[in-house]
Amino acid sequence: MTRVNKWLVLLSLSLSIILLIFSHTNINSIHAAPTTQQVGINNKANYKLAPPKYPDWLLKAIVGTNYTPDQYLALPDAKKQAIQAYLHPTQSKLASSLQSQLTKYPSTKQADDNSDTDTLSPLLIASASTHLATASANDTTNATADVEAAQSNIEIVLPKSTNFPNFSDGDFSNLMPYSFTLDPSSELTSDDYQFTSASYNASTDDVTLDFSITFSGIQKLTPEGKKLIVDVTNGSSATTKLTVNVWRTSIQRPSVTLNVGNGYQLQYMFNNYYTGNPTAISHTTPTNNAIDIPNFNMLTPDGKRVYSLFNDVKATKIDTFYLPTTSALMMGDFKQKAIAPATGSDYYQLYKFDQIKHVHMWQDSSDVTKIHLEYDGYFIKGFGSHTNPITIHVKNTLYPNNNGDQMAMTEQLTNKTNSGATAADNDLTGIYYARQFDTQMGPDNNRRDDVPIYYANQITTGVNAGKNTGVYFRSPSLNSPYVMNFNFDYPNAPDGWLGTHWIANLRYTDKGSALLGSSDFINTSGRLSFRSNIPPFQIFSGPDDPGENSSFHTPDTLAFGNPNSTGDISGGDYDSAIDMKWSRNRVGTFSPNTTQNIAFNGGLSNIYAPTIRADSYLRVKPDATSVTINGTASDINSPNVHIYYSIDTPIDRGNPPAESSSNKLASVSFANETVPHSEYKSFSGKITDAAEVAKLKDGQTHHIYLYAYDTTFQTSDSSLQDYNQDVVLLSNVLNIPVNEPAHVSLHFRDRATGADIIDPVTKQGYVGDTYNFNNGSPNTTTTTSATDLLGSPPAYLKDKYTLLSDTADLPTTGKGTLAPDTDGSPMNINYYYNDSGYAQFTSFPTKLYFGKHPTSLSIGDYHIVRMDGPDLTVKDTTADHKFTVQAKVSKHLTNETDATKTIPDALGYQNSDKTITLTPTMVSVYANTDAASNVDLSNKWWPNVAKADRTADNQSSGPILRITKDNRSDLKVGQYAGEIDWSLTRSEN
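Predicted model, so just to flag it, every value in this text is computed and none were measured.

Q: Looking at this structure, I do not really get the packing of aromatic side chains. What am I missing?
A: For any pair of aromatic rings, the description consists of the separation of the ring centres together with the inter-plane angle of the planes. By the definition in use, this model includes 33 aromatic pairs. With centroids separated by 6.0 Å and ring planes inclined at 65 degrees, the aromatic side chains of Tyr909 and Trp982 adopt a geometry described as edge-to-face. Placement of the pair is Tyr909 in strand S53 (residues 907-910) and Trp982 in strand S58 (residues 974-986), with a sequence separation of 73 residues. Like Trp982, Tyr909 is buried. Members of the aromatic cluster, joined through ring pairs, are Phe296, Phe437, Phe473, Phe486 and Phe600. Above the ring of Phe540, the side-chain terminus of Lys581 is found at 4.7 Å from the ring centroid.

Written out as structure tokens, the structure is:
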């Protein structure tokens, strides 16, 4: 926010003049408008041309077309050849030969009335061709379409008025295959398609073009599409360049199976489990747009399937996607106000895509644990506050979590909207996302809708540090002995979630665009009374409401449900579900071509096996002598749990290592607890082996794998027979990274556009390190080192951007503990700035004269005698008009013929309250108090004085010459020159 300019100072003693010359290298150039010249046209008398005589081959060539001879000759050579190849292949060489002759031998002579009847005058052909080609170029328009080739036929429907404005209504029924000329840039060739028919509906203004795609064309098609580009020409040579993106859906229905220990397997997939051939491919786009629902089941050692979602049935058809009470991706708009229903609290509308296209689902060939789904989602008439069509590209990936025992989902959403009249119309900043999973846990004939929900353990790192990792569902009885986890300990996990009642009223509404309305998911009261026999339960109270994630809850306490429920009450009192919401603050800005990310983890486990928890990451510093690991353990029936560790060697859950004292970390006893045990007990263990500690503190990234075994349990108590256990069971396995590098990317963005004002700044440390970039220190984050994790964002940028520095405006992610990078990318922290205007010099004097003085000049201050050139002026577009002018001497007055002679400290600046001697250090010489947008500082030097009347006697402030007792002896005969640097700075307050 500082603009620096260098001024030259000249001083002559004896019969010389002191000059102060202003120079500036940053003045905007003023360009004169270009002049316009009239171009004369030399009109000559029109020649009278003889009536055209057409050769026999030409008259035959136009048979079967809608062209006159002249129109045919005016067509491009490629078009002629296409017509000949289609109708008269034997004459195509003749047409090509003639065209070649015309190009080679142009003529400027008048046609001869006695021309031979079997040839055509070159002059006549050239004249006709030139005229018609010009008309054709002026009549060319463009049309685009995006169509799916579900079968071998495609139908393109486009409004005539905007796509074929130069075609008549009757032109379309006369279109023939030769009316379509393939563009060289087309990805599909002439062998890949055939024109079938065309028609026009005057009542709807729709043109319909039908093509068939050949086998070779079908083989080329992808979900993203291949371009077919053709010039469509009517009989009057008007042309529309038609670009059609022809695409084909490609859906596989793979599932991934993970061995999670003790003979159990976790299986995940999109939507229902598909029982057919997993390598089969469907080319049918789903009609209900619910393709992107992540789902996970568990397979028991005896082959039973344990489900997690209501109405999850095995899909026998590859194109069947049906989980009706679990939502697909839903979206809301923060800018849309709450809606007042006829009864009940105001609610916030949620939406799902009207249409999805370019669907591609497949299993990763290089990593078979990953399942990918990509598609484009459309809001045909916009949604929320947006009225223009909206396009969002979705890329959803399912893969194992860090511990390898849960499904992880990462969904990337990219704003591809370009339909708006302005950039602001295409900016979707303020969007937020939501999902509901209607849970129903258990095997066939024993699924439970009423599974109670409990809070999980505490997060210690990342943006959610201090909150709960999520929730888990635990069956209240052993007829469904399973636990289901939903974990949100990730940078892109939902910042709002609820373990709550299934929300039944996710209503579809018809408003001209297929919208998904939810009056129950978010309402202003934050409560919902669903049934008379249960108390109102919590829902989201607004788009930014974090729900149960608003504060830390004691782990393993009840979030929702009845732990004493005794049976399946499908649709009953405590029909439990998990609701997730990613607020606008979590996902950030959404300007065109930017990408947002959302994520969560989920999985199932057996209730008998022990469960352990520990910190997600460890930081071991170079001076460590031991490594402490703290955690908790639970087991429903066993009296003891023993915890073990492995450094950098993963645990094979199908063939885990035997128990050994050499790597035992800790033990937990439940011997004095009543079965079934419900609590988690703490443990703390230390790794003390010198070689292992040295390895962990070497500055490299390592992994500690933590696992546990329980012990058998037998009792004769008849009421506890279901808890007897005659084998030792393996716990979940924790993968704890040690000294994992982590990065954050600080973005400084324009609030209005979302664009970066300056390049992002990347900071680095290790996972678990604390950082504070909001107000961690007075140092500016743009100037501190990459490893400095404390600082503050710059208050101003580029002279006109002001930081939104209120606490509510600073990002919540601006301070916390470093979390791991996501897919190799750092966490983004966005700081927003308002364009608050600028202040800059706009004109400068060319010279300042201080008069002629003898070397015996008395001690004192001397004013400007004369100023040449324009005044010193400032343009100030800021709201507060607070700027300061600073100055320093960059070169003392120096004799121009003898550089050894100088007059130090001879330049100053006089204000009404004090006089300043200028030194090599910048000092403030003027603080603006003028509210005007254009400030003339020269007028302040000579207040109320006409420019012609400015003299040394009536100057009251501004630059001065200072003769002091210290520099008076340096006055020698000669002319002196010096330099002053000036700067203009926005005030920090």
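Q: Before we go on, may I ask you to explain unusual backbone geometry in this structure?
A: A negative phi angle is the norm for most residues apart from glycine, just as the trans form is the norm for most peptide bonds. Of the consecutive residues Val675 and Pro676, the connecting peptide bond is found in the cis state with omega at 5 degrees. Position of Pro676 relative to the elements: it lies in the loop between strand S35 (664-669) and strand S36 (681-687). We note that Asp648 has phi near 65 degrees; this positive angle belongs to a residue other than glycine. With respect to the helices and strands, Asp648 occurs in the loop between strand S34 (640-647) and S35. What makes Asp648 partly exposed here is its relative accessible area of 29%. Not every positive phi belongs to a glycine, and Asp905 is a case in point at roughly 50 degrees. Inspection of the secondary structure puts Asp905 in the loop between strand S52 (902-903) and S53.

Q: Explain the nonpolar core to me, please; I cannot follow it from the model alone.
A: Within soluble globular proteins, side chains that are nonpolar generally end up buried alongside one another. Formed by 77 residues in total, the largest nonpolar core has its most connected members in Ile291, Met331, Ile392, Tyr433 and Phe486. Among the elements that take part in this core, strand S20 (residues 431-443) stands out by supplying six residues, more than any other. Here Phe486 is in contact with Phe296, Thr439, Thr469, Gly470, Val471, Phe473, Ile578, Phe600, Asn601 and Gly602, once residues within four sequence places are set aside. In this structure, Phe841, Phe844, Ala906 and Leu971 belong to the second largest nonpolar core, which totals 36 residues.

Q: Whenever I open this one, the confidence of the model for the protein confuses me. Can you help?
A: Note that predicted coordinates carrying low pLDDT should not be read in detail. Across the protein, pLDDT averages 84, with 84% of residues at or above 70. In the predicted structure, residues 14-51 sits below a pLDDT of 50 and forms 71 contacts with residues beyond four places in sequence or in another chain. Across residues 506-517, confidence stays below pLDDT 50; counting only partners more than four residues off in sequence or on other chains, it has 34 contacts.

Q: I keep staring at the sheet that holds strand S38 (residues 734-738) and nothing clicks. Help me out?
A: In any sheet, the strands associate via hydrogen bonds between backbone groups, in a parallel or an antiparallel arrangement. As summarised here, the arrangement of the four strands in space is S35-S34-S37-S38, forming an open sheet in which the pairing is antiparallel. Edge positions in the sheet fall to S35 and S38, since each has one partner strand and no second. When the angles between neighbouring strand axes are averaged without regard to direction, this sheet yields 25 degrees. Inspection of the sheet shows S34 paired to strand S37 (residues 702-710) by seven bridges, in the antiparallel sense. Its bridge partner being in S37, Val641 is matched across the sheet by Asp710.

Rules used in this analysis
- Residues numbered from 1 in each chain as written.
- Predicted model: local features only at pLDDT ≥ 70, side-chain atom pairs only at ≥ 80, totals over all residues.
- Heavy atoms only, no water.
- Phe/Tyr/Trp six-rings, centres within 6.5 Å; stacked < 30°, edge-to-face > 60°.
- Helix = DSSP H or I, 4+ residues; strand = E, 2+ residues; numbered from the N terminus.
- Buried < 20%, exposed > 50% of the residue type's maximum accessible area, 1.4 Å probe, protein only.
- Lys NZ or Arg CZ within 6 Å of the ring centre and 35° of its normal.
- Core = buried A, V, L, I, M, F, W, Y, C linked by side-chain atoms within 4.5 Å.
- Contact = heavy atoms within 4.5 Å.
- pLDDT = per-residue confidence, 0-100.
- Pairing = 2+ DSSP bridges.
- Axes fitted to C-alpha atoms, helices over the stretch in contact; angles between N-to-C directions.

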